[in-house]
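Next come the chains, spelled out residue by residue.
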Amino acid sequence: MDATFLMNSLWVMLGAILVIFMLGGFIMLEAGSTRMKNAGHIAGKTIFTFGLSSLVFWAVGFGFIFGDNANILVGLTNFFYSGAELEEMGLSSSVFFVFQLAFAGIAITIALGGFAERAKLSVYLIFTVLFSAIVYPVVAHWIWGGGWLAEHGKQDFAGSTVVHLTGAMAALAATILLKPRIGKFNKDGSANNIYGHNQVYTALGVLILWVGWFGFNAGSTLTVEDGFFGFVALNTNLAAGAGAVSALIISWVVMGKSDVPTMLNGALAGLVAITASCAFVDTWAAVVIGFVAGILVFYSVRFFEKRKIDDPIFALSVHGAAGVWGTLSTGFFATPELATVGKPGLFYGGGFEQLGVQFMGVAVSGLYAFAVSFIILAAAKKVLGGLRVSEEEEIMGLDLSEHGSYGYPEVFMAEENKRLSS
Amino acid sequence: MESSFNSYQSLKKWKEEQIIKYRYDTNAMNEFHDFTMKAVFTIASEQLKIERSPSWRFAWFTMGSSGRKEQGFLSDQDHGLVFEPGKEEAEAYFLQLGEEISRGLHEAGYPYCEGKVMSSNPLWCKPLSKWKRQIQAWMKEESLETIRNLHIFYDSRVLVGKEEYIAELKTCIHKNIQKCPHLLTRMLETSMHIKKSVGPFGQLLTEEKGEHQGELDLKHAAFIPYVNAIRILAAKEGLSETSTIDRMGKLQKMKCYEEEMGKYKCNFAALLEWRLQSYRQSDIYDDTHYLQLKSLLKSERNELKNILKDGKKLQRFVIRAIEKSEV
């Protein structure tokens, strides 16, 4: 067996591990950005839905994305994947499978971020199954599985569209159908701050995601050849840094204070944006892409809030708005040397062609993900008699209402303690 | 204003009917509040079961915006009692009176003070000798809390009783400052925070979230910086005035301040006027601190912006003045 095959397999396995570890980042990020009474629920459901989506991915997801005999939507072989070696992979097919499974897990986790603090557990369950079976695989097939967008030369190196935008559009459908959390908006239309309970968790979550992103982007080279993954990692880090810096600056310029949650969103937006373009652009462009993403995310958060859309962990802005920008960015910045897929961008003499392809990809993928997610959730709403827990349960917190225990028992069971000690 | 009242409720009703008359004049507004509060004091004294011996001399004083004669339509209560040293019965009596006054003010529409600066709190209700010791201790300790108490006390103004008591206590402070100007630096250090209200591009910064979204926090962005800065200069120069405008007037006559003070005085007068004008009938106490920018003309916005920026300048000016005096 040749050394490159083994090295590739090892490298991508490391990438898979890093991407799966990003779930740790999402747990910290989401739990930290929400209230204590929902912390155990948020942490627990993230693990549970990843487990569930893994099974769905094994059963149908992988086959839909990469299978042969494809129709316009999906491929139709390799269901219940056996671990058999597939042709022309250059690395262990099982490793490739685990790597792809991890991406599907991230997409559903992003989508479920929009459900935070008010959806029933059963909704998480149903949506995870259906999203992992018929939403994510279709978009992934179109762009990565040799589908029609791939034939157009759509550039999305590691998934600004496939993973982030798809997840965010599902989150958008959910936030619209779920309606805002109790207490988020006042009668006069003004918004309240529902503070997350632990900013340190949120920041640590961002750091874990940042590190995990090296698996996400650099791992997506799928090969160690020429050490190109190092260049991808370099671009990734630059964009994250630029996003953090620009978001902090814009919050200070507009609001007069250096807002920590905005800065954290900026770093993530930089990462999301560079995900599509990390292998196709020069380093200076990576800085520009991240910088713009950081500013965009700040205005996007305000935009959604003005429209009374309650997005507790900013999934729509961080993954949606930045995902769109990231996908379009290659249409501007892709260089002739680096554009191994598609054409060079507008700034490199490629004209509007690639930009047009990117735009079409974003529009169709986004629309598909939104529409199908909306239909799934609207149907679930009918069947389950509503997506939300009752008002009483929401106030009480999902830790208790959905699981009968607490993420922070000492805090919430204080009454019990009082009784015992009296 | 000669009506007499037999209950807090009737006083409250009368106050609410009358107060709108004073909406264009801060001075008249504050005389009206003084009158109402004195009426509360009279009712409170009558309510008590114990009689006050005529020999127990005392002063009931207000602080905060009332002490500075800067009350708008609504403000919470800040007040204290000082009385003739000596008898224990007197101490018990005045504390009871303090409790009754606080309750009465609350019922008459002056909400309780969240910081407990009220005559019902033994910290603010003491015989003169203990007051003197307490103020000495505050100045000696120099902690954030005690210096802030000093700030509050420095705006005290007698409503009922002997003005000499408060004058005597303030003289203690002045003497101490002359001996030890470092105290002014501490007063400055404990009152430096200004809520940011003008952005780097000169835009007005309003509340981002909550009921007052889009409104400007006048109290913290504008009033408090002016009031604090001028109070420190007043303490430095040993002024007996309590209202910020009067303090500025006095400072204006002194050579080292005459150049700057005129502008700041105009600014502050405009702020007082704005607050009265922005009052809406439905307001509760917190609402009166916020200004809706939508209702302002472009020229008014610019004026406001200058006032806010000048608040910072005034602070820097005071810092320099205090630094010079320390050398």
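Note on numbering: residues in each chain are counted from 1, in written sequence order. Numbering of ligands from 1 and lettering of chains from A proceed in the order in which they are written. Totals for whole chains, interfaces and linings use every residue, but because this is a predicted model, local features are given only for residues with pLDDT of at least 70 and side-chain atom pairs only at 80 or more, for both listing and counting. Side-chain numbers come from the whole structure's heavy atoms, not from hydrogens or water.

The name that an unreviewed UniProt entry assigns to chain B is CBS domain-containing protein, with the source organism given as Cytobacillus firmus DS1.

How we decide: UniProt positions are given in the numbering used here, feature names are shortened, and annotations may be inferred rather than shown by experiment.
Under an unreviewed UniProt entry, the name given to chain A is Ammonium transporter, and the organism recorded is Cytobacillus firmus DS1. Within the UniProt record for chain A, the comment given under Sequence similarities (unreviewed entry) is "Belongs to the ammonia transporter channel (TC 1.A.11.2) family."

### Some details on the overall build of chain A
Inclusion rule: Each helix corresponds to a stretch of at least 4 residues labelled H or I by DSSP, and each strand to a stretch of at least 2 residues labelled E; elements are numbered beginning at the N terminus. Note that the radius of gyration is over C-alpha atoms, with the globule rule given as 2.2 Å times the number of residues to the power 0.38. The cut-offs for exposure are 20% and 50% of the maximum accessible area for each residue type, with area from a 1.4 Å probe on protein chains only; residues under the lower value are buried, those over the upper are exposed, and the others partly exposed. Any pair of residues with heavy atoms lying within 4.5 Å of one another is described as a contacting pair. Accessible surface area values rest on a Shrake-Rupley calculation with a 1.4 Å probe, where residue burial reflects the displayed protein chains alone. This count recognises Lys and Arg as positive and Asp and Glu as negative, with His and chain-terminal groups excluded. Throughout, a charge is located at the NZ atom of Lys, the CZ atom of Arg, the CG atom of Asp or the CD atom of Glu.
Counting its regular elements, chain A contains 16 helices and zero strands. Here chain A has a C-alpha radius of gyration of 21 Å; the compact-globule value for 422 residues is 22 Å, and the two agree. When its C-alpha atoms are laid out on the principal axes, chain A stretches across 70 × 50 × 40 Å. When burial is assessed residue by residue, chain A has 58% of its 422 residues classed as buried. Within chain A, counting contacts between residues at least 6 apart in sequence, those at least 24 apart form 75% of the total. A total of about 16,200 Å² of accessible surface is found on chain A, and carbon and sulfur atoms cover 69% of it. Positive and negative charge centroids in chain A, built from 21 and 28 side chains respectively, lie 16 Å apart.

### What to know about the overall build of chain B
Helix and strand content of chain B: twelve helices and six strands. For chain B, whose C-alpha radius of gyration is 20 Å, the value lies close to the compact-globule estimate of 20 Å for 327 residues. Residues counted as buried form 54% of the 327 residues belonging to chain B. Nonlocal contacts in chain B, meaning residues at least 24 apart in sequence, comprise 71% of its contacts between residues at least 6 apart. Once the 50 positive and 47 negative side-chain charges of chain B are each reduced to a mean point, those two points are 4 Å apart.

### Quick look at the domain arrangement of chain B
Residues and elements named next belong to chain B. So the rule is basically this: Where each domain starts and ends follows an automatic or database-derived domain assignment. Defined here as a combined quantity, buried area equals the accessible surface (1.4 Å probe) lost by two parts on assembly, summed across both. Basic side-chain nitrogens of Lys or Arg form a salt bridge, by our definition, when they fall within 4 Å of a carboxyl oxygen of Asp or Glu. Definition of a polar contact: a pair of N or O atoms within 3.5 Å, with one able to donate and the other able to accept a hydrogen when the atoms are protein atoms, and with sequence-neighbouring residues admitted only if both atoms are side-chain atoms. Residues are sorted three ways: Asp, Glu, Lys and Arg are charged, Ala, Val, Leu, Ile, Met, Phe, Trp, Tyr, Cys and Pro are nonpolar, and all the rest, Gly among them, are polar.
Assigned domains within chain B: domain 1 (8-179) and domain 2 (188-326). Averaged C-alpha coordinates put domain 1 and domain 2 at centres separated by 25 Å. Domain 1 puts 29 residues into the contact, and the matching count from domain 2 is 27 residues. Across the domain 1/domain 2 interface, buried area totals approximately 2,200 Å², and carbon plus sulfur atoms make up 59% of it. Sorting the residues of domain 1 by area buried against domain 2 places Glu 70, Leu 74 and His 151 first, and these three jointly supply 27% of that buried surface. At the boundary of domain 1 with domain 2, the tally comes to two salt bridges. In this structure, the connection of domain 1 to domain 2 is made through eight residue pairs in polar contact (both at pLDDT 80 or more). When contributions to the side of domain 1 that touches domain 2 are tallied by element, the ones reaching two or more residues are helix H2 (26-47), helix H6 (144-154) and helix H7 (163-179). For the side of domain 1 that touches domain 2, the leading source of residues is H6, giving five residues. Tallied by class, the residues present in the side of domain 1 that touches domain 2 amount to eleven nonpolar, eight polar and ten charged.

### Description of the pattern of salt bridges
Residue and element names in this part refer to chain B. Enumeration over the complete set of coordinates arrives at 27 salt bridges over all chains. A salt bridge links Arg 68 to Asp 155, with the shortest nitrogen-to-oxygen separation between them at 2.9 Å. Pair noted here: Arg 68 is in the loop between helix H3 (64-67) and strand E2 (79-83) and Asp 155 is in the loop between H6 and strand E4 (157-161), with a separation of 87 residues, a long-range link. As far as the burial class goes, Arg 68 and Asp 155 line up, both buried. Lys 195 is the partner of Glu 207 in a salt bridge, and the nearest nitrogen-oxygen pair spans 2.7 Å. Here Glu 207 is found in the loop between helix H8 (182-189) and strand E5 (215-217), whereas its partner Lys 195 is found in the loop between H8 and E5, with twelve residues between them in sequence. What makes Glu 207 buried here is its relative accessible area of 18%.

### Topic: the sheet that holds strand E3 (residues 125-127) of chain B
Residue and element names in this part refer to chain B. Convention followed: Pairs of strands are assigned from DSSP output, requiring at least two bridges between the strands. Axes here mean lines fitted to C-alpha atoms, for a helix over just the part in contact, with angles spanning 0 to 180 degrees between N-to-C directions.
Within the open sheet, the four strands sit side by side as E3-E2-E1-E4. Their pairing is mixed. Every other strand in the sheet has two partners, leaving E3 and E4 as the edge strands with one partner each. Across the sheet, the mean angle separating the axes of adjacent strands is 25 degrees when strand polarity is ignored. Here four bridges tie strand E1 (residues 58-62) to E4, and the two strands are oriented antiparallel to one another. If you follow Ala 59 over to E4, its bridge partner there is Gly 161. Relative to the sheet, H2 contacts E1 and E4, its axis offset from that of E4 by approximately 40 degrees.

### A word on the environment of A:Gly345
Residue and element names in this part refer to chain A. When you line up the elements, Gly 345 lands in the loop between helix H11 (315-333) and helix H12 (353-384). The exposure class of Gly 345 is buried, given its relative accessible area of 0%. C-alpha of Gly 345 to C-alpha of Leu 355: the two residues are ten residues apart in sequence and 6.7 Å apart in space. Sequence-distant contacts of Gly 345, defined by excluding residues within four places in its chain, comprise Thr 330, Gly 331, Phe 332, Phe 333, Ala 334, Gly 350 and Gly 351.

### Considerations on the layout of surface pockets
Residues and elements named next belong to chain B. Let me state the cut-off plainly: Buried and open spaces are told apart on a 1 Å grid over the protein atoms alone, a cavity being a set of points where a 1.4 Å probe fits but cannot get out and a pocket being an open set with protein on both sides within 12 Å along at least five of seven lines. Residues with an atom within 4 Å of a point are the lining residues. Grid points are joined across faces, edges and corners, and a volume is the space filled by probe spheres set on the points.
Its volume calculated, the second largest pocket comes out at about 1,300 Å³. What lines the second largest pocket is a set of 44 residues, among which Arg 68, Arg 148, Lys 219, His 220 and Ile 224 lie closest to the centre. Counting only elements with at least two residues in the lining of the second largest pocket, the list comes to H3, H6, helix H9 (218-237) and helix H11 (258-277). Among the elements that take part in the lining of the second largest pocket, H9 stands out by supplying eight residues, more than any other. Each residue belonging to the lining of the second largest pocket can be placed in one class, and the counts come to 16 nonpolar, 15 polar and 13 charged. Residue assignment places the lining of the second largest pocket across two domains, with domain 1 (8-179) and domain 2 (188-326) each supplying three or more.

### Here's the deal with the side chain of A:Asn38
Examined against the element boundaries, A:Asn38 turns out to sit in the loop between helix H1 (3-32) and helix H2 (39-66). In this structure A:Asn38 touches A:Glu117, A:Gly397, A:Leu398 and A:Asp399, once residues within four positions along its chain are discounted.

### Things to note about H7(B)
We count it as follows: Expected helix span is taken as 1.5 Å per residue step, with the number of steps being one fewer than the number of residues.
The terminal C-alpha atoms of H7(B), which comprises 17 residues, lie 25 Å apart, in line with the 24 Å expected from a rise of 1.5 Å per residue. By the burial criterion, the buried members of H7(B) are B:Tyr165, B:Ile166, B:Leu169, B:Lys170, B:Cys172, B:Ile173, B:His174, B:Asn176 and B:Ile177.

### Notes on the nonpolar core
Residue and element names in this part refer to chain A. Keep this limit in mind: Here, the term nonpolar core denotes a set of buried Ala, Val, Leu, Ile, Met, Phe, Trp, Tyr and Cys residues that are joined through side-chain atoms within 4.5 Å.
Counting residues in each nonpolar core, the largest one holds 105 residues, and the members touching the most others are Phe 115, Phe 127 and Tyr 136. Among the elements that take part in this core, helix H3 (residues 93-113) stands out by supplying 14 residues, more than any other. Apart from residues lying up to four places away in sequence, Phe 115 is in contact with Val 123, Tyr 124, Phe 127, Ala 174, Leu 178 and Leu 377.

### Quick notes on the UniProt feature "domain: Protein-PII uridylyltransferase N-terminal" (unreviewed entry) in chain B
Those residues carrying the UniProt feature "domain: Protein-PII uridylyltransferase N-terminal" (unreviewed entry) are residues 26-142 of chain B in this numbering. In the segment residues 26-142 of chain B, helix accounts for 51% and strand for 11%; the C-alpha atoms at its two ends are 34 Å apart.

### A look at the interface of chain A and chain B
Tallying the contact residues gives 15 residues for chain A and ten residues for chain B. Summed over both sides, the interface of chain A with chain B buries roughly 1,000 Å², with 46% coming from carbon and sulfur. Our enumeration of links across chain A and chain B arrives at two salt bridges. Elements with a minimum of two residues in the side of chain A that touches chain B: helix H8 (228-255) and helix H10 (283-306) of chain A. Considering every element that reaches the side of chain A that touches chain B, the biggest residue donor is H8(A), with four residues. Split by residue class, the side of chain A that touches chain B holds five nonpolar, six polar and four charged.

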